[in-house]
Amino acid sequence: QSIYGELPILVINHKTCCAAVALQGAHLLFWQPSTEQTPVVWLSNKTNFKKAVAIRGGVPVCWPWFGQLGNPSHGFARIVEWKLDSCEEDENGVDLVLSLTNNQQTESYCNKPFSVSLNLHLGKTCEVSLSCSADFDVTSALHTYFGVDNIDSVIVKGLGEVYQERLADENKPATVGELTFNQEVDRIYTNANNQITVTDGTRTIQLTNTNVSDVVTWNPWINKAKSMADFGDDEYKSMVCVEAGCITKPLKLSPNKKSTYGFKIELI
Ligand code: TA6
């Protein structure tokens with residue numbers, strides 16, 4: 001464990017992969033299998049490592065709301081410090097469990113009891129599973145940033161053709177089931193396959209989702225990239241967000257029953 005900027009970070013150097021996890025937000029910062037020259041889970045070079053400031057890249061945990069359904073954007077879970085419950089290593093990789101329960105950090109955002117935990121497996125595959133219980137419903141997403149060789153050659157397959165448009169003036173026709181990028185894209189696909197692939201011509205990443213209702217796709221493109229201080233002007237070329245989410249079908253929670261969703265990432 002070390003401190004990077006203002007944040008406690010768990011650094012993982014295993015024969016199968018290297019990775020890092022910030023205790024703030026139980027935030028997987030990056031994941032790079034040993035076979036790869038560049039991270040599969042991507043982190044901006046300009047991200048902040050400041051307390052209570054959202055990290056740009058990795059897997060932000062959006063909870064207990066997605067986007068602007070509340071304030072701060074994407075919920076408070078990603079900007080408060082979680083507890084490391086366990087960290088175990090074997091020849092297959094490293095398994096971490098982190099948790100957050102209502103406490104003095106969270107009471108200004110939420111005055112009700114809740115419990116949320118995140119299980120991470122970091123090895124040849126990257127597996128992230130969120131479990132939560134509360135007496136209120138939540139929307140949530142694991143907002144994964146994938147590293148790509150060049151956005152111009154990216155094709156995302158398996159999304160289906162039903163989506164909610166989050167941009168005002170989107171005018172690009174959807175390619176049935178496949179998505180390519182030549183402008184800002186910000187969509188919630190509501191009938192995607194459980195298995196999605198992201199290929200950029202040099203590698204194919206397979207995302208297998210469990211218990212999710214939605215897959216969000218986002219690339220800020222040129223102008224929005226320039227407008228974000230924690231995002232390099234050209235970094236839109238080397239990332240794409242494909243996010244496992246429970247947004248259009250919120251998680252109906254109860255205090256004594258855990259609701260769980262998540263994903264597995266592997267190279268195929
Ligand atoms: O998931 C897409 C999105 O909701 C976009 O609208 C954009 O706002 C992105 O998330 C990043 O949000 P953030 O609050 O992390 O800057």
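Residues numbered from 1 in each chain as written. Predicted model: local features only at pLDDT ≥ 70, side-chain atom pairs only at ≥ 80, totals over all residues. Heavy atoms only, no water.

An unreviewed UniProt entry lists the protein under the name Putative glucose-6-phosphate 1-epimerase, with Gilliamella intestini as the source organism. UniProt's Catalytic activity (unreviewed entry) comment on the protein is quoted here verbatim: "alpha-D-glucose 6-phosphate = beta-D-glucose 6-phosphate". (UniProt positions renumbered as here; feature names shortened; annotations may be inferred.)

Colleague: Which residues make up the site of the ligand, and what values go with them?
Modeller: Surrounding the ligand, one finds Arg56, Phe66, Ser73, His74, Arg78, His143, Arg166, Asp186, Val216, Trp218 and Glu243. Residue His143 places a side-chain N or O atom 2.9 Å away from an oxygen atom belonging to the ligand. In this structure, Arg166 approaches the ligand through a side-chain N or O atom, which is 3.0 Å from an oxygen atom. Here the ligand, which alone exposes 390 Å², has 85% of that area covered by the protein. (Near = heavy atom within 4 Å. Polar contact = N/O pair within 3.5 Å; in protein donor to acceptor, adjacent residues only side chain to side chain. Areas by Shrake-Rupley, 256 points an atom, 1.4 Å probe, with all protein chains shown as cover.)

Colleague: Any chance you could break down the environment of Asn45 for me, citing the residues and the numbers?
Modeller: The topology assignment puts Asn45 in the loop between strand 4 (27-33) and strand 5 (61-62). On a C-alpha basis, the gap between Asn45 and Phe231 in space is 7.3 Å, while along the polypeptide they are 186 residues apart. (Helix = DSSP H or I, 4+ residues; strand = E, 2+ residues; numbered from the N terminus.)

Colleague: Account for the sheet that holds strand 3 (residues 17-22), with residues named and values stated.
Modeller: Strands sit in the order 1-2-3-4 across an open sheet of 4 strands; the sheet is antiparallel. Every interior strand has two partners, whereas the edge strands, strand 1 (2-4) and strand 4, have only one. Neighbour to neighbour, the strand axes of the sheet diverge by 25 degrees on average, direction disregarded. In this structure, strand 1 lies alongside strand 2 (residues 7-13), joined through 3 bridges in antiparallel fashion. Residue Ser2 lies in a different strand from strand 2, and its bridge partner there is Ile9. (Pairing = 2+ DSSP bridges. Axes fitted to C-alpha atoms, helices over the stretch in contact; angles between N-to-C directions.)

Colleague: Help me get a handle on the sheet that holds strand 14 (residues 178-179), residues and values and all.
Modeller: Reading across from one edge, 6-7-8-9-20-17-16-12-14 is the order of the 9 strands in this open sheet, with antiparallel pairing throughout. Sheet topology places strand 6 (83-90) and strand 14 at the edges, where each strand pairs with a single neighbour. When strand 12 (residues 155-157) meets strand 16 (residues 195-199), the two strands line up antiparallel, connected through 3 bridges. In the strand pairing of strand 16, Lys157 is matched with Thr197.

Colleague: Tell me about the pattern of salt bridges, and please be specific about residues and values.
Modeller: As enumerated under the stated definition, the model contains 9 salt bridges in all. We note a salt bridge from Arg56 to Asp230, for which the minimum N-O separation is 3.1 Å. With Arg56 in the loop between strand 4 and strand 5 and Asp230 in the loop between helix 1 (221-227) and strand 19 (239-251), this pair connects stretches of sequence that are 174 residues apart. Look at Asp230 and you get buried, because its relative accessible area is 12%. (Salt bridge = Lys/Arg side-chain N within 4 Å of Asp/Glu carboxyl O. Buried < 20%, exposed > 50% of the residue type's maximum accessible area, 1.4 Å probe, protein only.)

Colleague: Account for the nonpolar core, with residues named and values stated.
Modeller: Counting 71 residues, the largest nonpolar core has Leu28, Trp31, Trp63, Trp82, Leu122 and Ile265 as the members making the most contacts within it. A per-element tally of this core places strand 19 first, with 7 residues. Residues Leu7, Ile9, Leu29 and Phe49 belong to the second largest nonpolar core, which totals 7 residues. (Core = buried A, V, L, I, M, F, W, Y, C linked by side-chain atoms within 4.5 Å.)

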